[in-house]
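Breakdown of the fold
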Amino acid sequence: MSKRDYYDVLGVSKGASADEIKKGYRKMAVKWHPDKHSGSGDKERAEAEEKFKDCAEAYEVLSDPEKRAAYDRYG
C-alpha cells in the first residue's frame, strides 16, 4: 500500500479529528471485513482482505499523533 493516501483509504479529510478517523476506520473495516465476503468468489474475497489490511494500516498510522505527523510531513 506504499503509494495510497491513508486519508482516502479511510474516507476522511486531511484535517480530520481523531474521532472522525476512528469512525472512518470502523465504517471501512465493516465494509471490507473478510468474514462479510466469505460467500463471495476467491478474487472478491482476496480483494476485500487486501482492502481490510489497508484500512488497518491506515488507522494504525493516523491514530498515533507522532506517526500521523510524520506521515503528513513525508507521506
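Summarised in this report is the structure supplied together with it. On a predicted model such as this, the values are computed, not experimentally measured, just so you know.

Comments concerning the side chain of histidine 37
Following the sequence through the fold, histidine 37 ends up in the loop between helix H2 (18-32) and helix H3 (42-63). In contact with histidine 37, other than residues within four places in its own chain, are Lys31, Trp32, Arg45 and Ala48.

Topic: the packing of H3 against helix H4 (residues 65-74)
Closest axis-to-axis distance for the H3/H4 pair is 5 Å, and the angle between their directions is 100°. Considered as vectors, H3 and H4 are oriented roughly perpendicular to each other. Residues Glu60, Val61, Leu62 and Ser63 of H3 touch H4, and the partners they reach there are Pro65, Lys67, Arg68 and Tyr71. Residue classes in the contact of H3 with H4 are distributed as four nonpolar, one polar and three charged.

Quick notes on the side chain of arginine 68
By the secondary structure assignment, arginine 68 is in helix H4. Buried within the structure, arginine 68 lacks any salt-bridge partner; aspartate 72 is the closest side chain of opposite charge, at an N-O distance of 4.0 Å. Within the structure, arginine 68 has its side chain in polar contact with the backbone oxygen of lysine 14 (distance 3.0 Å). Leaving out residues up to four positions away in the same chain, arginine 68 has contacts with Tyr7, Lys14, Gly15, Ala16, Ile21, Val61 and Leu62.

Criteria and thresholds
Residues numbered from 1 in each chain as written. Predicted model: local features only at pLDDT ≥ 70, side-chain atom pairs only at ≥ 80, totals over all residues. Heavy atoms only, no water. Helix = DSSP H or I, 4+ residues; strand = E, 2+ residues; numbered from the N terminus. Contact = heavy atoms within 4.5 Å. Axes fitted to C-alpha atoms, helices over the stretch in contact; angles between N-to-C directions. Parallel < 35°, antiparallel > 145°, perpendicular 65-115°, else oblique. Nonpolar A, V, L, I, M, F, W, Y, C, P; charged D, E, K, R; others polar. Buried < 20%, exposed > 50% of the residue type's maximum accessible area, 1.4 Å probe, protein only. Lys, Arg positive; Asp, Glu negative; His and termini not counted. Salt bridge = Lys/Arg side-chain N within 4 Å of Asp/Glu carboxyl O. Polar contact = N/O pair within 3.5 Å; in protein donor to acceptor, adjacent residues only side chain to side chain.

It is worth stressing that arrangement in space is one thing and function is another; only the former is reported here.
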